[in-house]
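Chain by chain, the residues:
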Amino acid sequence: MKLITAIVRPEKLDAIREGLESYGVQGLTVSRANGYGRQRGYTQVYRGAEYSVDLLPKVRVEVLAAEDQSEDILDILITTANTGRAGDGKVWVIQLDEVVRVRTGERGTAAI
Ligand SMILES: Nc1ncnc2c1ncn2[C@@H]1O[C@H](COP(=O)(O)OP(=O)(O)OP(=O)(O)O)[C@@H](O)[C@H]1O
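Residues numbered from 1 in each chain as written. Predicted model: local features only at pLDDT ≥ 70, side-chain atom pairs only at ≥ 80, totals over all residues. Heavy atoms only, no water.

Per an unreviewed UniProt entry, the protein chain carries the name Nitrogen regulatory protein P-II and comes from Sinomonas terrae. What the UniProt record of the protein chain gives under Subunit (unreviewed entry) is the line "Homotrimer." Regarding the protein chain, the UniProt comment filed under Sequence similarities (unreviewed entry) reads as follows: "Belongs to the P(II) protein family." (UniProt positions renumbered as here; feature names shortened; annotations may be inferred.)

This is the structure in structure tokens:
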């Protein structure tokens, strides 16, 4: 099993959700995030003074995936989040030891 985490543009969230739901993903976690990548934020001018905004608002999308669905889900995230511009985000995949469904006590792929 894998944990797939995507840090992406907030305005892409609807498209990402649609893509994942059409594929049949049963659940996901969304939270707000702030961060920067290589572009290191941007410079803004306010009342004549220049200051830099270094932590840009993003959303974090987390999806639990069975081994045989992980590549498909990764593809959906990358395709739906892409605009081709700097700041599109990052996706990473972590190998999981265990997942437990709290209500039933099911474990492993059955708990996803
Ligand atoms: N090395 C990193 N470690 C942890 N989080 C990161 C890292 N790089 C980027 N992020 C997170 O991903 C978000 C989006 O990153 P961003 O798209 O700017 O990455 P990038 O690698 O600079 O790509 P691009 O060249 O498209 O801007 C950041 O705001 C940050 O929250």
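(A) Here's a closer look at helix H2 (residues 70–81). Along its twelve residues, H2 runs 17 Å from first to last C-alpha, staying within 8% of the 16 Å computed at 1.5 Å per residue. Regarding H2, the residues found buried are Ser70, Ile73, Leu74, Ile76, Leu77, Thr80 and Ala81. Projected down its long axis, H2 carries its buried residues within an arc of 160°, all on one side. Of the exposed residues in H2, the ones pointing more than 90 degrees away from its buried face are Glu71 and Thr79. If you follow the buried residues of H2, they end up packed against strand E1 (2–8), helix H1 (13–23), strand E5 (56–65) and strand E6 (89–95). (Helix = DSSP H or I, 4+ residues; strand = E, 2+ residues; numbered from the N terminus. Expected span 1.5 Å × (residues − 1). Buried < 20%, exposed > 50% of the residue type's maximum accessible area, 1.4 Å probe, protein only. Arc of directions from axis to C-beta. Contact = heavy atoms within 4.5 Å.)

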